[in-house]
There are 2 protein chains.
Amino acid sequence: MTTGKTVLQRKLLPVLDFMLHDWLKVEELTSRNRFEEHSRETFDELLNAASEVAANKFEPAYRLSDEQEPYMADGEVVTPKESHLAFEAYRDLGILAASHDVEFGGMHLPRAVDLASRIIFAASGHNLVPAMLTDANASLLVEHGTETQKRVFAVPELAFRWTGTMCLSESQAGSSLADITTSAVPDGAGHESDPLGPRYRITGNKMWISGGEYDLTENIIHLVLAKIPHEDGTVDPSTKGISLFIVPKVLVDEESRLLERNDVTLVSLNHKLGHRGTPNAALTFGDGTHTPRGSRGAIGYLVGSPGDGLRQMFHMMNAARIEIGVAASSLGMAGFATALDYAKDRRQGRPRAATGKDSSQPQVPIIEHADVKRMLLAQKAYAEGGTALALYAARLLDDQSTGSPAEAERASVLLEILTPIVKSWPSEWCLEANSLAIQVLGGAGYTRDWPVEMYWRDQRLNMIHEGTHGIQALDLLGRKVRMDAGAHLGALGVEVRGTIDAAKRIGLRAEADALSGAWDELLVTTVQAWSTGDPAEALVNATPYLQGFGHVVAAWIHLDLAVAATHSDHSEAPGRIAAMKYFFAYELPRIGAWLGVVARREALCRDVNPDSL
Amino acid sequence: MTTGKTVLQRKLLPVLDFMLHDWLKVEELTSRNRFEEHSRETFDELLNAASEVAANKFEPAYRLSDEQEPYMADGEVVTPKESHLAFEAYRDLGILAASHDVEFGGMHLPRAVDLASRIIFAASGHNLVPAMLTDANASLLVEHGTETQKRVFAVPELAFRWTGTMCLSESQAGSSLADITTSAVPDGAGHESDPLGPRYRITGNKMWISGGEYDLTENIIHLVLAKIPHEDGTVDPSTKGISLFIVPKVLVDEESRLLERNDVTLVSLNHKLGHRGTPNAALTFGDGTHTPRGSRGAIGYLVGSPGDGLRQMFHMMNAARIEIGVAASSLGMAGFATALDYAKDRRQGRPRAATGKDSSQPQVPIIEHADVKRMLLAQKAYAEGGTALALYAARLLDDQSTGSPAEAERASVLLEILTPIVKSWPSEWCLEANSLAIQVLGGAGYTRDWPVEMYWRDQRLNMIHEGTHGIQALDLLGRKVRMDAGAHLGALGVEVRGTIDAAKRIGLRAEADALSGAWDELLVTTVQAWSTGDPAEALVNATPYLQGFGHVVAAWIHLDLAVAATHSDHSEAPGRIAAMKYFFAYELPRIGAWLGVVARREALCRDVNPDSL
């Protein structure tokens, strides 16, 4: 890869280059049939092209999209000109479908390289959220839709002519999807034989819909969770009653041609702390604002079978969770690049000599100060660690789809257990990285003259959306580590042990021993948490468990990167060693405080009387 | 005290009541001469009056001051009407001078009660920053100014007719004050006999000046650091060359009557992440925009002796650092009150029964979920712990000024060592508290419909201004713990041991032992950090030391509060026990990771090559 034309791109590209090639060996993927048209050159060309567009179109539009929030006018959402230009540049690059099949406009790009390109875009400007959601939406249809649904809806989405959303939450049902009340009733005679899928009329209200409405695209494909009432009018109160529907903003024919407006109406836009460039909407389905085909109710097409909605949506959700890890790491990298550049340039203070400070000497760049280096190393460990973790997950997605049966099985198992970490760890620690970037810049970092405060605001969403931190924790400790009698945890252990052994062989014995001890502590803690078999005892401290688990995984990733760096003359290799050393010295020792409460099933947070809070 | 009329005031007042009366026994102060006019009733009346004004004038103006940023027009700064109303209400309450002598408009209020009133205001809206700075400014003049300077400048400031600033930073000199270039030259013949103080002409640029310019007051009294050149035109390059000057925006006569404009000119306003209601300005002194008394240069009056500027300014700075602890804790309380109220109201999800979730049951308030209680307990421990720490420091200020010689000496010593913690600990952990408040509210917390995102943005400044986290850390480990051969640390140890003994007596043995062990670990770490006597080794990890020290101090404060709660039937007593239990279970165990690197003088952050970052 070339070196990139901005401070951010110059920092990003070598990091991605080391991780993809020296660590994940993505070039080896080209020996598989699906990727045989590719080579290291095609990968690098694509990332360089992405970097060029990101530097030219996304970086300049980022602050502007924060300042000029989208607004409502006549039921439409108006976005600034620069957002349109960034959107169009991304569409013209044709990169959204890159990892998909040729029939969907794809180019069989490995997911590892695909997500590396997204890191470049996401670090350069967050207009990409609709793109991520559109890909996740289309990917769900590719997986679960009919041939017609794929052709009519997924193809235009992957060409980024249309965008996609996920419509899950309702005001009374955020994380608790069983409680949704949006309903779907069959749309008259012959509804079951509509070529676009069984046709229903959808009625209800949905909220927190990123890209729910804007002027950036000619159609928006909503994937909507709703319940089909029984014949007696009642609904299944559990998640088993949830079905999934394609609800286009504008109805289309079998050739994807636009017809009349569907009954999907914008209610309001949220005014947010960050991500201000991405409109987040509340929508009403079927309130009668429009009367498609002469009657009320938004027209929706069933995907898969009734009652299968949540399972299918989780296909999209799991993809989205990895993308959150990508987005969080990207913002971490953006803040780190800014802080590092500032610290090399800004002069302030003098090193402490044995005789005290000599104020006749010139001031030094603040990167000379140990505490500034500490804050930069922490950012490096969080942001580059998160980036590595996300790329590792992407590499597993490639093995899952194109590896041997054994490789695919291993990848699936590792993805199951790692997804909560890939989502949560970068979300939590790259927020800290962005805060440290502000701190390195000091007062300047607190002003809107610099982007670091914006990164920090945008980052704050990542611990909330696509399943909060607490939800990830319950998924990990309540489900994932217990699946198949702990087989997933065991599979992860095989990988961790492999890294420990490799580290020992090249002389990184102290870190190998530290990771070995940490892994054992994690296993013992897991056993102790579940030793009474009572979820009410085990799960009280699910979040501290998630945090401890995350730091152990990050230590493993950093050590594995350092092993690769030891064999490499890449310009990034010394940095990999430095970040690993920092992580083992300053971060891994934190796990005791988190895992301790889990191991002893500390019940305070369950038993405390709310009245005493 | 009464219970307060808003969610915030209802939460705040009982907490302050417990801390002031059941813990700090402020009523006992009324036996001292200075406070003899006071009683528990006068204290409570004052806090109730503060709460009333805060609820009526400050809370409603808070969001508005965030949205309608002050702007420049014709060299002046325009603020919204609501800011004027809040400002005037505060002025009319006459509370700024409360702790001062009668001759300065004061009412001899103990500082502990005075700062409790500021907590109420600061939690309710941050327009108070100018008030805090004005008090600190006037207090410096009361300490170091001439009788005329006190009467002419400090009295109108304490009446809040005028406000005050501190002008330290220049673009090339932020934390490094030795490098300031603002100069002060004698203002002609007879300059030394001006009744307002030796008169100089000031020339230079200053930045980061909160309240540097606005339309809320008829005059602004700037305290400006500048250097007086030697006769050969050179200046002392060290901090010993710094002198302090009173530079009023509008010149005044000996009766505080306004005369002509001084040559102080607004250059620009900062556009900030938070604290948007408080204009933060860059000012130019002596650029010739105005020509007071016919010639160029801003007129300034020397305070104290030449070269004594930094020492005097530190009087203001130390007061300001305690006020930062107050401000940080206040925002922590505001976020906690919001999150607690939301959690009691918002219904989502169901408790996990042995048989799984029963979706036919109604959803429960989210405060029923253990992880939500964990997030609330953490906020409680951070925000109420910070509040207690700030009030403890205020109580020491009372002992320092009105206690017996032994009490005053003890208080001075404890204030020296605790000030870096009072400033830094709430700044760091109430930021985390505000982040957790967002997390409890979920997506709602990410919108500007709720105040928690604003608290979080405003809070972020506190780790930066009035000496960054890193500066506090160097002050603590580099100076305070070493002063008088560790006497300050020893004095704090006496207090900690006293709490440990008291806790043991009432059966809190496990926590007493944990604190005892933590205190020993802190002492040993301090010794190990300095065991080579080399600052370049000891201070590499000053910030982790500050963090570990802060958590030990917070554990001590929480245990001491719990001891008081054990003897109390106050409604807040159960909460004190719960917060203490949380802190010892979840927080105190963190110190090992921070102190470990300090104890072994981990050199990574000093030695790492900046090129590998």
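The model shown is predicted, which means the values in this text are computed figures rather than measured ones.

Trainee: Is there a simple way to explain the overall build of chain A in this structure?
Mentor: Broken down by element type, chain A carries 18 helices and twelve strands. Against the globule reference of 25 Å for 613 residues, chain A gives a C-alpha radius of gyration of 25 Å, in line with a compact fold. Seen through its principal axes, chain A has C-alpha atoms that stretch 90 × 60 × 60 Å. When burial is assessed residue by residue, chain A has 66% of its 613 residues classed as buried. In chain A, once contacts between residues fewer than 6 apart in sequence are set aside, the share between residues at least 24 apart is 74%.

Trainee: Could you clarify how one ought to interpret the UniProt feature "domain: Acyl-CoA oxidase/dehydrogenase middle" (unreviewed entry) in chain A in this entry?
Mentor: In the numbering adopted here, UniProt assigns the feature "domain: Acyl-CoA oxidase/dehydrogenase middle" (unreviewed entry) to residues 166–286 of chain A. Taken as a whole, residues 166–286 of chain A contains 0% helix and 43% strand, while its terminal C-alpha atoms sit 17 Å from one another.

Trainee: I would appreciate a short explanation of the interface of chain A and chain B in the present structure.
Mentor: Where interface size is given, it is often the accessible area lost as the parts come together that is meant. If you look at the interface, chain A gives 85 residues, while chain B gives 85 residues. Buried area between chain A and chain B, both sides added, is near 7200 Å², and the carbon and sulfur share of it is 59%. For chain A, the biggest contributors to the area lost against chain B are Tyr446, Arg448 and Leu613 of chain A; these three give 13% of the whole. A salt bridge links Glu69 of chain A to Arg448 of chain B; the shortest N-O distance between them is 2.7 Å. Connecting chain A to chain B are 46 residue pairs in polar contact (both at pLDDT 80 or more). The residue inventory of the side of chain A that touches chain B, partitioned by class, reads 35 nonpolar, 26 polar and 24 charged.

Trainee: I'm lost on helix α15 (residues 542–566) of chain B in this one. Help?
Mentor: Note on helix geometry: an α-helix contains 3.6 residues per turn, so any two residues three or four positions apart are oriented the same way. The first and last C-alpha atoms of α15 of chain B sit 36 Å apart over 25 residues, in line with the 36 Å expected at 1.5 Å per residue. Counting buried residues along α15 of chain B, 23 of its 25 residues qualify, which places the element largely inside the surrounding structure.

Trainee: Explain unusual backbone geometry here, please?
Mentor: Backbone phi values are negative for most residues with the exception of glycine, while trans is the configuration of most peptide bonds. Residues and elements named next belong to chain B. Phi is positive for Glu466, close to 55°, though the residue is something other than glycine. Considering the arrangement of structural elements, one finds Glu466 in the loop between α10 (452–459) and α11 (469–479). By relative accessible area, Glu466 is classed as buried at 16%.

Trainee: I'm lost on the relation of the copies chain A and chain B in this one. Help?
Mentor: Note on the chain copies: they are related by a rotation about an axis and a translation along it. Mapping chain A onto chain B calls for a screw motion: a turn of 180° about the axis and a shift of 0.0 Å along it, with 0.0 Å RMSD after fitting. On the angle and the small slide along the axis, the relation comes out as a two-fold axis. In terms of proximity to the rotation axis, the leading residue of chain A is Arg590 of chain A, whose C-alpha is 3.2 Å off the axis. Both copies share a contact surface, since 100% of the interface residues of chain A are interface residues in chain B too.

Trainee: Sorry if this is basic, but what is going on with the side chain of Glu572 of chain B here?
Mentor: Residues and elements named next belong to chain B. Along the chain, the position of Glu572 falls in the loop between α15 and α16 (573–587). No salt bridge is formed by the buried Glu572; its nearest oppositely charged neighbour, Arg576, is found at 4.1 Å. Other than its neighbours up to four places away in sequence, Glu572 contacts Pro14, Val15, Phe18 and Lys380.

Trainee: I'm lost on the UniProt feature "domain: Acetyl-CoA dehydrogenase-like C-terminal" (unreviewed entry) in chain A in this one. Help?
Mentor: Here, the residues flagged by UniProt with the feature "domain: Acetyl-CoA dehydrogenase-like C-terminal" (unreviewed entry) are residues 495–604 of chain A. Secondary structure across residues 495–604 of chain A divides into 78% helix and 0% strand, with the first and last C-alpha atoms of the span separated by 35 Å.

Trainee: How should the pattern of salt bridges be read in this particular structure?
Mentor: Once their charged atoms are close, side chains differing in charge can pair, the charge on each being opposite to the other. All told, the structure shown has 88 salt bridges over all chains when counted by the stated rule. A salt bridge links Asp194 of chain B to Arg199 of chain B; its shortest N-O distance comes to 2.7 Å. Judged on exposure class, the residue Asp194 of chain B and its partner Arg199 of chain B are both buried. Across the pair Arg601 of chain B and Glu537 of chain B runs a salt bridge whose closest N-O atoms are separated by 3.0 Å. Within this pair, whereas Arg601 of chain B is found in the loop between α17 (591–599) and α18 (604–607), its partner Glu537 of chain B is found in helix α14 (residues 535–538), the two being separated by 64 residues in sequence. Here the salt bridges do not stand alone but share partners, grouping Arg32, Arg395, Asp399, Glu407, Arg410 and Glu495 of chain A into one network.

Trainee: Looking at this model, I keep getting lost on the pairing of strand β5 (residues 199–210) of chain B. Mind explaining?
Mentor: Two faces make up the sheet, and in a regular strand the side chains alternate between them. Of the strand pairs in this sheet, strand β4 (residues 183–186) of chain B and β5 of chain B are connected by four bridges, and their pairing is antiparallel. Each residue of the ladder has a partner; that of Val185 of chain B, found in β5 of chain B, is Arg201 of chain B.

Trainee: Sorry if this is basic, but what is going on with the environment of Leu269 of chain B here?
Mentor: All names here are of chain B. Along the chain, Leu269 falls in strand β10 (residues 264–269). Spatially, the C-alpha atoms of Leu269 and Gly533 are 45 Å apart, while their sequence positions differ by 264 residues. Setting aside chain neighbours within four positions, we find Leu269 in contact with Pro70, Tyr71, Met72, Val77, Pro279, Asn280 and Ala281.

Trainee: I tried to follow a negative patch on the surface on my own but got confused; where do I start?
Mentor: A grouping of Glu27, Glu28, Glu41 and Glu45 of chain A is seen on the molecular surface, where their side chains present a negatively charged patch. As for its position among the elements, Glu41 of chain A is in helix α2 (residues 40–67).

Trainee: What should I look at first to understand the nonpolar core in this one?
Mentor: Generally speaking, soluble globular proteins have nonpolar side chains that are buried together. Ranked by internal contacts, the top residues of the largest apolar core, which has 356 residues, are Phe549 of chain A together with Phe549 of chain B. Here Phe549 of chain A is in contact with Ile417, Ile421, Leu476, Val481, Leu489, Leu492 and Leu522 of chain A, once residues within four sequence places are set aside.

Trainee: What should I look at first to understand the packing of aromatic side chains in this one?
Mentor: In this description, an aromatic ring pair is defined by two values, namely the gap between the centres and the angle between the planes. In the structure shown here, the tally under the stated rule is 37 aromatic pairs over all chains. When the ring centre of Trp530 of chain A is taken as reference, the NZ or CZ atom of Arg482 of chain A above it lies at 3.5 Å.

Trainee: Could you clarify how one ought to interpret the state of the cysteines in this entry?
Mentor: Any covalent bond linking the sulfur atoms of two cysteines counts as a disulfide. Evaluated as defined, the whole model comprises zero disulfides over all chains. Free cysteine Cys430 of chain B: the closest other cysteine sulfur is in Cys605 of chain A, separated by 18 Å. Look at Cys430 of chain B and you get buried, because its relative accessible area is 0%.

Trainee: Explain the side chain of Glu511 of chain B to me, please; I cannot follow it from the model alone.
Mentor: Along the polypeptide, Glu511 of chain B turns up in helix α13 (residues 509–529). Not counting chain neighbours up to four residues away, the residues in contact with Glu511 of chain B comprise Leu559, Met580, Lys581 and Phe584 of chain B.

Trainee: It is not clear to me how the packing of α13 of chain B against α17 of chain B should be interpreted in this structure. Could you clarify?
Mentor: Helices that pack against each other are described as a pair by the angle of their axes relative to one another and the distance between those axes. Residues and elements named next belong to chain B. Here α13 crosses α17 at 20°, and the two axes come no closer than 8 Å. The orientation of α13 relative to α17 falls into the category roughly parallel. The interaxial crossing formed by α13 with α17 has left-handed handedness. Here Ala518, Glu521, Leu522, Thr525, Gln528 and Ala529 of α13 lie close against α17, whose contacting residues are Ile591, Gly592, Leu595, Val598 and Ala599. Among the residues forming the contact of α13 with α17, the class breakdown is seven nonpolar, three polar and one charged.

Trainee: I would appreciate a short explanation of the packing of helix α1 (residues 7–23) of chain A against α2 of chain A in the present structure.
Mentor: Residue and element names in this part refer to chain A. Here α1 crosses α2 at 155°, and the two axes come no closer than 11 Å. Looking at the two axes, α1 sits roughly antiparallel to α2. The way α1 lies across α2 gives a crossing that is right-handed. Of the residues in α2, those in contact with Leu8, Gln9, Leu13, Asp17, Leu20 and His21 of α1 are Arg40, Phe43, Asp44, Leu47, Asn48, Ser51, Ala54, Ala55 and Glu59. Here the residues of the contact of α1 with α2 sort into seven nonpolar, four polar and four charged.

Trainee: What's the story with the environment of Asp135 of chain A in this structure? I'm lost.
Mentor: Residue and element names in this part refer to chain A. Structurally, Asp135 is set in helix α5 (residues 129–144). Each C-alpha atom of the pair Asp135 and Asn262 lies 22 Å from the other, and the pair is 127 residues apart in sequence. Setting aside anything within four residues of it in sequence, one finds Asp135 in contact with Leu96, His100, Arg111, Arg118, Leu158 and Glu323. Side-chain polar atoms of Asp135 contact the side chain of Arg118, separated by 2.6 Å.

Trainee: Can you help me understand the pairing of strand β12 (residues 298–303) of chain A in this one?
Mentor: Of all the six residues making up β12 of chain A, six are buried; the element is thus mostly covered by neighbouring parts of the structure. Burial of the side chains of β12 of chain A extends over both faces: Ala298, Gly300 and Leu302 of chain A are buried on one face and Ile299, Tyr301 and Val303 of chain A on the other.

What counts, and at which threshold
- Residues numbered from 1 in each chain as written.
- Chains lettered and ligands numbered in written order.
- Predicted model: local features only at pLDDT ≥ 70, side-chain atom pairs only at ≥ 80, totals over all residues.
- Heavy atoms only, no water.
- Helix = DSSP H or I, 4+ residues; strand = E, 2+ residues; numbered from the N terminus.
- Rg over C-alpha atoms; globule rule 2.2 N^0.38 Å.
- Buried < 20%, exposed > 50% of the residue type's maximum accessible area, 1.4 Å probe, protein only.
- Contact = heavy atoms within 4.5 Å.
- UniProt positions renumbered as here; feature names shortened; annotations may be inferred.
- Buried area = accessible area lost by both parts, 1.4 Å probe.
- Salt bridge = Lys/Arg side-chain N within 4 Å of Asp/Glu carboxyl O.
- Polar contact = N/O pair within 3.5 Å; in protein donor to acceptor, adjacent residues only side chain to side chain.
- Nonpolar A, V, L, I, M, F, W, Y, C, P; charged D, E, K, R; others polar.
- Expected span 1.5 Å × (residues − 1).
- Least-squares fit on C-alpha atoms with pLDDT ≥ 70 in both.
- Lys, Arg positive; Asp, Glu negative; His and termini not counted.
- Pairing = 2+ DSSP bridges.
- Patch = residues over 30% accessible without salt bridge, like charges linked within 9 Å, V, L, I, M, F, W, Y side chains within 5 Å.
- Areas by Shrake-Rupley, 256 points an atom, 1.4 Å probe, with all protein chains shown as cover.
- Charge placed at Lys NZ, Arg CZ, Asp CG, Glu CD.
- Core = buried A, V, L, I, M, F, W, Y, C linked by side-chain atoms within 4.5 Å.
- Phe/Tyr/Trp six-rings, centres within 6.5 Å; stacked < 30°, edge-to-face > 60°.
- Lys NZ or Arg CZ within 6 Å of the ring centre and 35° of its normal.
- Disulfide = S-S within 2.5 Å.
- Axes fitted to C-alpha atoms, helices over the stretch in contact; angles between N-to-C directions.
- Parallel < 35°, antiparallel > 145°, perpendicular 65-115°, else oblique.
- Left-handed = near helix turned anticlockwise from the far one by under 90°.

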